[in-house]
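Read off the chains here:
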Amino acid sequence: MSVKALLSRARGESSRTTCNLAVAVCGPDWVSTFVEIYSTDFTSDPGGVNRLLRSLRVVRTVRLLRLVKLKRILATIKDRITSEAVFILLNICKLILLLLLVNHFIAATWYLVGTVFEETHNWVDEYKMRKDQAGLGYRYSTSLHWSLTQFTPASMDVHPQNVWERYFAIMVLIAGLVLFSSFISSITGSMSQLRNMKADKSKQFWLLRRYLKQQKVPRDLCFRVTRYIEYALKTVDERVPEERITILTSLTDQLRNELKFFTHFRCLVAHPMFCYIRKMSEAILNRMSGRVLHTKELAAADPLFSLVDAASEMFFIQQGNIHYGLVPDRSRNEFSSDWETASVDSLHSFHSIPITDASTVLEQDDYLCEVAIWCNWAHVGVAQAMDETTVIGIDVKSFCDLTLEDADLSEIATLYSRRFVEKMSEDPTWVEVSHEDAKRLTSQFFLGREP
């Protein structure tokens, strides 16, 4: 069965479940309404109609099924919270509201116990809590105050006046001993966790500053170190790192690669070549997650590559900005047509290419060093992060090995490499960066083709 058919079936089952729940919730109201409309026809037995209506009112308690929908809404709200501190505070508020809800029902039952046994002396008469003696707000607040004192060491002037009230007070004390200790332990644990988060972070920064001072680290380097650590900790607070989700280890290799590509490397499909590969075989793109692709973090002023580095990777900018500059005296760029892994025979060799003194700023979704995939290459410029930057690296050798596993992909890559090098020989100034001419060439080559 196709994926589309499975999704259609899932949507159908979800619709049927929602419909059944709606009928269960609204059905009693519909029946009650119809009986009231047609009750004028049963004038001979009005008592039977009234009994039927009263029984239907009891059935209305099925409305409590709406709590299922409320639970789903609360789960959705929790999923939207990105800060761990806010999540802990929300749990504390939830515990406090639950405690108040429990005490609300105990307060109502306490007042009921005081009014049921009217033939004996009760707390309602003792403290003048009848309807004609005190307002609703005062009566409710007194009952709620009494119920809260049974859960805490506090005290008040309202006490049981007969044996039934005494029994009820004893049961509430026993229940409060269990429930309140559970509430207190949960709230204390949450507050301790919140306090420890802030205390550990402050202590670590104090130790860092002390360490940098003892080692006599230059002020400029101290600033860069502390700035990047602040950025990294803020990122950790906002994003859940994959290492903390231990249950992900139970996934199969295929699911893990698909999830990793979508969460880390999906920006690659902005490049027409990778978009073409995805249309041709999404499995190849997913296998790149485990074999070809990796993520690299850069602080401000960190180099991405320089002239002495081997050109063994292509880079995609996932976040941040990269400054790239051509080196003026690097006017000779030699590389051969030796791309043995892809069996390309006709790549050109370049000698004495005039390189202009130019620089550019690359932003998110731009890329560098695509030329390293298609030929042996040596860097002719330097790239440096302008701020905190995340880049995706594509290992050239692993990419070529993976490309050779698919005959169709290998053929189209060979054709594209020839076209790329031919264009590069005409205007070599944009070779290492995603210049507009490079983007136009790639788009024209791949977008007009069907896998």
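Definitions and limits used
Residues numbered from 1 in each chain as written. Predicted model: local features only at pLDDT ≥ 70, side-chain atom pairs only at ≥ 80, totals over all residues. Heavy atoms only, no water. UniProt positions renumbered as here; feature names shortened; annotations may be inferred. Helix = DSSP H or I, 4+ residues; strand = E, 2+ residues; numbered from the N terminus. Buried < 20%, exposed > 50% of the residue type's maximum accessible area, 1.4 Å probe, protein only. Contact = heavy atoms within 4.5 Å. Areas by Shrake-Rupley, 256 points an atom, 1.4 Å probe, with all protein chains shown as cover. Core = buried A, V, L, I, M, F, W, Y, C linked by side-chain atoms within 4.5 Å. Salt bridge = Lys/Arg side-chain N within 4 Å of Asp/Glu carboxyl O. Patch = residues over 30% accessible without salt bridge, like charges linked within 9 Å, V, L, I, M, F, W, Y side chains within 5 Å. pLDDT = per-residue confidence, 0-100. Polar contact = N/O pair within 3.5 Å; in protein donor to acceptor, adjacent residues only side chain to side chain. Pairing = 2+ DSSP bridges. Axes fitted to C-alpha atoms, helices over the stretch in contact; angles between N-to-C directions.

Named according to an unreviewed UniProt entry, the chain is Ion transport domain-containing protein originating from Durusdinium trenchii. We quote the UniProt Subcellular location (unreviewed entry) comment for the chain here in full: "Membrane".

Participant: Just checking my understanding: could you explain the overall build of the chain for this structure?
Facilitator: Looking only at helices and strands, one finds 15 helices and eight strands in the chain. When each of the 451 residues of the chain is scored for burial, the buried share is 34%. Residue pairs in contact within the chain that sit at least 24 positions apart in sequence constitute 77% of those at least 6 positions apart. As displayed, the chain has an accessible area near 27,600 Å², and 59% of this comes from carbon and sulfur atoms.

Participant: I tried to follow unusual backbone geometry on my own but got confused; where do I start?
Facilitator: Trans peptide bonds make up most of the peptide bonds, and negative phi angles are found at most residues other than glycine. Here K216, not a glycine, exhibits a phi torsion of approximately 55°, which is positive. Here K216 shows up in the loop between α7 (163–214) and α8 (219–238). Classification of K216 as exposed rests on a relative accessible area of 73%. One non-glycine residue, D365, lies in positive phi territory at about 75°. The topology assignment puts D365 in the loop between β5 (359–362) and β6 (367–368). According to the relative accessible area criterion, D365 is partly exposed, its value standing at 37%.

Participant: Help me understand the nonpolar core, please; the structure alone is not making it clear to me.
Facilitator: General note: in soluble globular proteins, nonpolar side chains tend to be found buried as a group. With 56 residues, the main nonpolar core has F274, M288, L368 and F399 as its most contacted residues. Those residues in contact with F399, other than ones at most four positions away along the chain, are M273, F274, I277, M288, V292, I373, W374 and I394. Core analysis: the second largest hydrophobic core is formed by 19 residues, I106, Y111, A134 and F151 among them.

Participant: Looking at this model, I keep getting lost on the pattern of salt bridges. Mind explaining?
Facilitator: Charged atoms that come close allow side chains of opposite charge to pair. Evaluated as defined, the whole model comprises eight salt bridges. The closest approach of N and O atoms between R224 and D302, which form a salt bridge, is 3.2 Å. Linking R224 in helix α8 with D302 in the loop between β1 (293–298) and β2 (303–305), this pair joins segments that are 78 residues apart in sequence. A residue is classified by how much of its surface remains accessible, and R224, at 29% relative accessible area, is partly exposed.

Participant: Got a minute to help me understand a nonpolar patch on the surface in this structure?
Facilitator: On the surface, V163, W164, Y167, I170 and I174 cluster together to form a nonpolar patch covering roughly 520 Å² of accessible area. On the basis of relative accessible area, I170 is assigned to the partly exposed category, the value being 41%.

Participant: Looking at this structure, I do not really get the confidence of the model for the chain. What am I missing?
Facilitator: Parts of the prediction with low pLDDT should not have their coordinates interpreted in detail. Per-residue pLDDT for the chain averages 75, and the proportion of residues at 70 or more is 71%. Here residues 1–7 is modelled with pLDDT under 50, and outside its nearest four sequence neighbours on either side it reaches two contacts, counting other chains as well. Below pLDDT 50 for its whole length, residues 331–357 participates in 62 contacts with residues either more than four positions away or in separate chains.

Participant: Would you take a moment to explain the side chain of S289 for this structure?
Facilitator: When you line up the elements, S289 lands in helix α11 (residues 282–291). Here N257 takes part through its backbone oxygen, which lies 3.3 Å from a polar atom of the side chain of S289. Look past the residues within four positions of S289 in its chain and what remains in contact with it is N257, K260, F261 and F265.

Participant: Just checking my understanding: could you explain the sheet that holds strand β7 (residues 381–385) for this structure?
Facilitator: Hydrogen bonds between backbone groups are what pair the strands of a sheet, and the pairing can be parallel or antiparallel. Ordered by their spatial adjacency, four strands build an open sheet running β2-β7-β4-β5, and the pairing between neighbours is antiparallel. Pairing within the sheet leaves two strands with one partner each, and these edge strands are β2 and β5. Averaged over all pairs of adjacent strands, the angle between strand axes in this sheet comes to 25°, irrespective of strand direction. Sheet analysis places strand β4 (residues 322–326) next to β5, joined by four bridges and oriented antiparallel.

Participant: How do you make sense of the UniProt feature "transmembrane region" (unreviewed entry) in the chain when you look at a structure like this?
Facilitator: With numbering aligned to this structure, UniProt lists the feature "transmembrane region" (unreviewed entry) at residues 86–113 and 167–188. Overall, residues 86–113 shows 100% helix and 0% strand. The separation of its end C-alpha atoms is 41 Å. Within the segment residues 167–188, helix and strand shares are 100% and 0% respectively, and the terminal C-alpha atoms sit 31 Å apart.

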